[in-house]
Amino acid sequence: MFCFTILAAVLIATSFAAEEVAPSVAPSVAPSKLATPCSRRNLYAKVEGQCDAYLECIDFVPVQKSCPDGLHYDASVPWPNYPCGYPTDVPCRDRSVAQAPKPTPDCPHQYGYFPSPSAHPSDCGQYRMCIAGVAVDMVCPTGLAFNFETSRCDWAFLVKSCDVATFLGYQCPPPSFDESGNPVVTNHKYDGNCFAFYSCQEGRARLLACDPGLAFDPITSHCVDADRVPCETDIAVPRSSQSKP
């Protein structure tokens, strides 16, 4: 009897010891969900092979969702931030778009940037932005062209589809280089405006504007105090993304 009592006590003690040393599960992880995409209570997870679909886990329960037509799922966005972005920012390389386009009379997709049907063929700065199927015609700042590869306004010479000379109305002279072989930047007058000028480097033109209070001096090829430059007209400074002193 004495041996039986000792054996029972040992078994009970061992049982309690096992419960004490058993590894605990982190409160944010459900053991029954470890084999599912929901390894954490709340998160986003990609759907293999699809650009615009994703899983959203809420309390370990996965629900498949789709980005709006024209947008892609961005796996780098942490929950609960909005996980969809434009294709130029979220490339779709080895995946396909799951949903069919949902065009409207003015937009081929619900979201995206597209050529403007009202733009002149030589106007590289006009484009169309679609938001929820509603078209908004946009224009880049003067001198900039819309780059559909990046979905941003850019220097015209960086936009492959843009005829820069026709768009800007100016052709740079042949490029020149200094004794070290570095390209020389030359500035040239913009006819009809005292405050704007063309800046050329390696034969590539950019339309710039002087800072407020300055005007372009064709003699020095630099911006100087405006009262030192005779202006026959008082034309507003063209829209431009940069200025040059």
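Above this text is the structure in question.
Description of the structure in this document. (Residues numbered from 1 in each chain as written. Predicted model: local features only at pLDDT ≥ 70, side-chain atom pairs only at ≥ 80, totals over all residues. Heavy atoms only, no water.)

So, about the pairing of strand E8 (residues 134-139). In this sheet, E8 lies alongside strand E7 (residues 126-131) in antiparallel orientation, the contact comprising 6 bridges. When the bridges of E8 are listed, Gln-126 appears paired with Val-139. The antiparallel pairing of E7 with E8 creates a hairpin that spans 2 residues between the two strands, and Ala-132 there sits at a positive phi of about 55 degrees. (Pairing = 2+ DSSP bridges. Helix = DSSP H or I, 4+ residues; strand = E, 2+ residues; numbered from the N terminus.)

What follows is about the packing of aromatic side chains. All chains considered together, the criterion is met by 10 aromatic pairs. Note on Tyr-54 and Tyr-73: the rings are 5.2 Å apart at their centroids and 15 degrees apart in plane angle, and the pair reads as stacked. Of this pair, Tyr-54 sits in strand E2 (residues 53-58) while Tyr-73 sits in strand E4 (residues 72-73), placing them 19 residues apart in sequence. You'll find Tyr-54 and Tyr-73 in the same group, each marked buried. Arranged with centres 5.5 Å apart and planes meeting at 40 degrees, the rings of Tyr-113 and Phe-146 form a pair that is tilted. (Phe/Tyr/Trp six-rings, centres within 6.5 Å; stacked < 30°, edge-to-face > 60°. Buried < 20%, exposed > 50% of the residue type's maximum accessible area, 1.4 Å probe, protein only.)

With that settled, consider the side chain of Gln-99. Counting through the fold element by element, Gln-99 comes out in the loop between strand E5 (84-85) and strand E6 (112-115). Take Gln-99: its relative accessible area is 18%, and that puts it in the buried class. Within the structure, the side chain of Gln-99 is placed 3.0 Å from the side chain of Asp-52, a separation counted as a polar contact. Excluding anything up to four places from it in sequence, Gln-99 contacts Asp-52, Ser-66, Cys-67, Pro-68 and Asp-69. (Polar contact = N/O pair within 3.5 Å; in protein donor to acceptor, adjacent residues only side chain to side chain. Contact = heavy atoms within 4.5 Å.)

The biggest cluster of nonpolar side chains holds 15 residues, and the ones touching the most others in it are Ala-145, Ala-156, Cys-162, Phe-167, Leu-168, Tyr-170 and Ala-205. Every element with two or more residues in this core is listed here: helix H2 (164-168), strand E12 (196-201) and strand E13 (204-209). Setting aside chain neighbours within four positions, we find Tyr-170 in contact with Val-164, Ala-165, His-188, Tyr-198, Cys-200 and Ala-205. Cys-140, Leu-144, Phe-146 and Phe-216 belong to the second largest nonpolar core, which has 11 residues in total. (Core = buried A, V, L, I, M, F, W, Y, C linked by side-chain atoms within 4.5 Å.)

The step from Trp-79 to Pro-80 runs through a cis peptide bond, and the omega angle for that step is 10 degrees. In this fold, Pro-80 is placed in the loop between E4 and E5. One non-glycine residue, Phe-60, lies in the positive phi region at around 70 degrees. With respect to the element layout, Phe-60 can be found in the loop between E2 and strand E3 (61-66). Backbone geometry at Ser-151 places phi at a positive 60 degrees, although glycine is not the residue there. Inspection of the secondary structure assignment puts Ser-151 in the loop between strand E9 (144-147) and strand E10 (152-155). On the basis of relative accessible area, Ser-151 is assigned to the buried category, the value being 16%.

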